[in-house]
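One letter stands for each residue in the lines below.
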Amino acid sequence: MEKRSLVRHRVDWAELRRVAFLQAQAQAQAQDAGAQNPADTYDAIRSELRSLGGNHSFFLTPKQAAEQLKASPAGPIDGLEGRSMENRIGYLSLPGVQGAEEADVRYVRQGREAVAKTDRSRPCGWVVDLRDNTGGSMWPMLALAGPILGDGKVGRFLDADGKKSVWAIINGSPRHESSPDYGDSRPWPTPMLRLPS
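Residues numbered from 1 in each chain as written. Predicted model: local features only at pLDDT ≥ 70, side-chain atom pairs only at ≥ 80, totals over all residues. Heavy atoms only, no water.

A. Seen up close, the side chain of S179. Its place among the elements puts S179 in the segment after β6 (173-175). Using a relative accessible area of 15% as the deciding quantity, one classes S179 as buried. One polar contact links the side chain of S179 to the main-chain amide nitrogen of H176, over a distance of 3.0 Å. Setting aside anything within four residues of it in sequence, one finds S179 in contact with W139 and P174. (Helix = DSSP H or I, 4+ residues; strand = E, 2+ residues; numbered from the N terminus. Buried < 20%, exposed > 50% of the residue type's maximum accessible area, 1.4 Å probe, protein only. Polar contact = N/O pair within 3.5 Å; in protein donor to acceptor, adjacent residues only side chain to side chain. Contact = heavy atoms within 4.5 Å.)

B. Looking closely at the pairing of strand β3 (residues 125-129). As paired strands, strand β2 (residues 89-93) and β3 are joined by five bridges and run parallel to one another. If you follow S93 over to β3, its bridge partner there is D129. (Pairing = 2+ DSSP bridges.)

C. Region of interest: the sheet that holds β6. Read from one edge to the other, the open sheet built from three strands follows the order β4-β5-β6, with strand pairing classed as antiparallel. Two strands lie at the open edges of the sheet, namely β4 (152-158) and β6, each paired on one side alone. Geometrically, the sheet is characterised by an average inter-axis angle of 25° between neighbouring strands, direction not taken into account. In this sheet, strand β5 (residues 164-170) lies alongside β4 in antiparallel orientation, the contact comprising six bridges. Looking at the pairing, G155 lines up with W167 of β5. (Axes fitted to C-alpha atoms, helices over the stretch in contact; angles between N-to-C directions.)

D. How the structure looks around the packing of aromatic side chains. Taken as a whole and judged by the stated rule, the model has four aromatic pairs. When the centroid spacing of 4.9 Å and the interplanar angle of 50° are considered together, the rings of Y42 and F59 count as tilted. Taken as a pair, Y42 in helix α2 (residues 42-52) and F59 in the loop between α2 and α3 (62-69) lie far apart in primary sequence, 17 residues in all. A relative accessible area of 21% means that F59 is categorised as partly exposed. (Phe/Tyr/Trp six-rings, centres within 6.5 Å; stacked < 30°, edge-to-face > 60°.)

E. Region of interest: the confidence of the model for the protein chain. For the protein chain, mean pLDDT is 81; residues scoring 70 or higher make up 86% of the total. Per-residue pLDDT stays below 50 along residues 189-197; that stretch engages in 10 contacts with residues further than four places along the chain or on separate chains. (pLDDT = per-residue confidence, 0-100.)

F. Local environment of unusual backbone geometry. Of note, N87 is a non-glycine position whose phi angle comes to about 60°, a positive value. Secondary-structure assignment places N87 in the loop between β1 (81-85) and β2. For N87, a relative accessible area of 66% translates into the label exposed. Its identity as a non-glycine residue notwithstanding, R88 has a phi of 60°, on the positive side. Mapping R88 onto the fold places it in the loop between β1 and β2. Assessed through its relative accessible area of 37%, R88 is described here as partly exposed.

G. Quick peek at the packing of helix α4 (residues 101-119) against helix α5 (residues 138-149). Viewed as axis vectors pointing N to C, α4 and α5 meet at an angle of 15°, and their least axial separation amounts to 9 Å. If you check the angle between α4 and α5, you find them roughly parallel. Judged by the sense of rotation from one axis to the other, the crossing of α4 with α5 is right-handed. Residues D104, Y107, V108, G111 and R112 of α4 form the contact with α5, whose own contacting residues are P140, M141, A143 and L144. (Parallel < 35°, antiparallel > 145°, perpendicular 65-115°, else oblique. Left-handed = near helix turned anticlockwise from the far one by under 90°.)

If you want it as C-alpha cells, here you go:
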C-alpha cells in the first residue's frame, strides 16, 4: 500500500501501522490468540485499505482471487452487443470485463465481430453504452471503442508522483506499455458522408 497507493503521499504511514496493529491486537485478544496464519491478518488489511479511500484498491483472499481469475464459461458475453439503430446510428454496449486473460480475448473477439456486423449498415455515428459497465480491465473495452475513437492519444494515467503516461489508439487498437496486444483493428466507423458543395 505504501509503495503503490495513489494517495500514498497523503497518508501518515506510521499512524496507519499503529492503528492496524492495535486493531489486530484487539482482535487477537478477543480470540485469545495472536495471528496464527495469513488469514488472521485479512480483516486488518481490508480495514487499512478502506481507510485509504478510493475505489481502485481492494483485497481478495486467495480463494476469491482464484474464483475471479478462473476461466469464464464459454459462450457469448452477456451485454456485449452491437446493432444498428434508427437513422443509421451504430450502437455498441460495453459491459465490464474482468477475470482471466482468456475472458479478455473472448470479449475482444465477440465485440469486434459485433462492431463489424453493425458497420455493414454504414452508420453515420455511434452510441457507446456504458450503463452496465461495472469496470474491470479497460484494455479490452478500449480495443472495441478504439476504432470508433480513431487513432491518436485518447487518455493518460497520472501516478501519485505526478508522472504522466499517455495511452493511444494506433491502428484501431489500444497501445500503452501496460496494454496487451489485441492486434490491429481496421477503423470500423464509416466516414461521415459529405454533401457536394
